[in-house]
Amino acid sequence: MLRLLTTILLACSLSCTASAHESSFTPKLDIGKGGKCVEDEATMRSHHYELIRHQRDETTRKGIRGGKYSLADCVDCHASKKNNSVLGSSENFCQGCHEYAAVKPDCFECHSSKPRKAAGGVK
Ligand code: HEC
Ligand code: HEC
Ligand code: HEC
């Protein structure tokens, strides 16, 4: 009896911490194409907007293109294979996490939310 109880408690504590850990971080997101992100996951989570902001300034003020933190590159990798976009539902990469975090960047009013190749070469 004691052994059974220990097993149940152990199983619960394992699965409970596992799910609490996941949900305290992010919703379920469709990462997209895969590969390797431009920085490690923790850096990306907390600093991605500073990185792309900086990239934007480099491009729009100094004319430097093809930088490491290009927004078009983010979209190429992170667009879902299901709808070919980083937007569209709460599982789509950028939209999903932003809905969860209650932020609404306006970037995709101008920038494409679809990968470049599929968009027919249009930026
Ligand atoms: C009103 C339209 C508009 C909005 C809104 C906008 N951008 Fe841009 N963005 C541009 C234009 C135009 C360029 C210049 C493209 C070029 O010269 O290559 C640019 C360039 C960039 C670049 C450099 C090119 C690249 O793909 O890396 C980045 C990064 C960028 N924007 C990020 C952002 C982010 C992040 C947001 C949202 C916070 C945003 N932009 C919102 C119009 C916009
Ligand atoms: C070559 C493909 C690739 C590119 C380019 C890329 N990523 Fe990633 N990104 C990934 C993968 C794969 C992961 C999953 C974690 C890992 O394996 O590093 C990830 C993870 C992330 C995460 C963390 C997600 C989470 O669930 O915590 C964020 C945020 C992120 N990327 C944003 C960006 C932004 C913003 C850009 C553009 C500046 C970008 N990524 C460019 C492939 C990419
Ligand atoms: C793992 C969760 C997560 C993912 C995935 C994610 N973001 Fe974010 N993003 C956030 C959070 C949280 C904030 C708000 C940060 C703050 O204001 O402190 C934010 C803020 C931003 C901002 C600044 C918004 C503002 O109004 O100042 C931009 C730009 C941005 N994200 C772009 C992107 C792009 C582009 C993608 C997809 C390639 C992406 N993010 C994917 C969590 C995420």
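As a reminder, the structure under discussion sits directly above these lines.
The paragraphs below set out a description of the structure included in this document. Note that the structure is predicted; figures quoted are calculated from it, not measured. (Residues numbered from 1 in each chain as written. Chains lettered and ligands numbered in written order. Predicted model: local features only at pLDDT ≥ 70, side-chain atom pairs only at ≥ 80, totals over all residues. Heavy atoms only, no water.)

Regarding its fold elements, the protein chain presents four helices and zero strands. Within the protein chain, counting contacts between residues at least 6 apart in sequence, those at least 24 apart form 57% of the total. Working note: accessible area of the protein chain is about 9,300 Å², and carbon and sulfur atoms make up 61% of it. (Helix = DSSP H or I, 4+ residues; strand = E, 2+ residues; numbered from the N terminus. Contact = heavy atoms within 4.5 Å. Areas by Shrake-Rupley, 256 points an atom, 1.4 Å probe, with all protein chains shown as cover.)

What follows concerns the side chain of S80. With respect to the element layout, S80 can be found in the loop between α3 (71-78) and α4 (93-101). Take S80: its relative accessible area is 4%, and that puts it in the buried class. With near-sequence residues (within four places) excluded, S80 lies in contact with D30, S85 and N92. (Buried < 20%, exposed > 50% of the residue type's maximum accessible area, 1.4 Å probe, protein only.)

All right, on to the site of ligand 3 then. The immediate surroundings of ligand 3 are formed by 17 residues, with H48, R53, C94, C97 and H98 found nearest. A distance of 3.3 Å separates an oxygen atom of ligand 3 from a polar side-chain atom of Y49. H98 is positioned with one of its side-chain polar atoms (N or O) 2.7 Å from a nitrogen atom of ligand 3. The set of elements that each furnish at least two residues to the shell around ligand 3 consists of α2 (41-62), α3 and α4. Among the elements that line the shell around ligand 3, the one with the most residues is α4, at five residues. Considered class by class, the residues forming the shell around ligand 3 number 13 nonpolar, three polar and one charged. (Near = heavy atom within 4 Å. Polar contact = N/O pair within 3.5 Å; in protein donor to acceptor, adjacent residues only side chain to side chain. Nonpolar A, V, L, I, M, F, W, Y, C, P; charged D, E, K, R; others polar.)

Before going further, it helps to examine the coordination of the iron atom of ligand 1. Note on metal geometry: ideal angles are 109.5 degrees for four donors arranged tetrahedrally and 90 or 180 degrees for six donors arranged octahedrally. There is one protein donor for the iron atom of ligand 1, and it is H111 (NE2), at 2.0 Å. Relative to the elements of secondary structure, H111 occurs in the segment after α4. (Donors = N, O, S within 2.8 Å, 3.2 Å for Na, K, Ca; no water.)

What follows deals with the site of ligand 2. Surveying the vicinity of ligand 2 reveals 17 residues, the closest of which are C37, R45, C74, C77 and H78. Separating an oxygen atom of ligand 2 from a side-chain N or O atom of R45 is a distance of 2.2 Å. Here a nitrogen atom of ligand 2 and a side-chain polar atom of H78 are 2.7 Å apart. Looking at the shell around ligand 2, the elements with two or more residues in it are α2 and α3. At five residues, α2 tops the list of elements feeding residues into the shell around ligand 2.

Attention now moves to the coordination of the iron atom of ligand 3. Taken together, the protein ligands of the iron atom of ligand 3 are H48 (NE2) and H98 (NE2), with distances of 2.0 Å. Coordination at the iron atom of ligand 3 is octahedral: its six donor atoms span angles of 86 to 179° at the metal. Of this pair, H48 sits in helix α2 while H98 sits in helix α4, placing them 50 residues apart in sequence. Accessibility expressed as a relative area gives 27% for H48, which makes it partly exposed. (Tetrahedral: all angles 85-135°; square planar, octahedral: opposite > 155°, others 65-115°.)

What follows covers the pattern of salt bridges. By the definition in use, this model includes seven salt bridges. Here R116 and D73 are joined by a salt bridge, their closest N and O atoms 2.5 Å apart. Taken together, the residues R116 in the segment after α4 and D73 in helix α3 connect sequence positions 43 residues apart. (Salt bridge = Lys/Arg side-chain N within 4 Å of Asp/Glu carboxyl O.)

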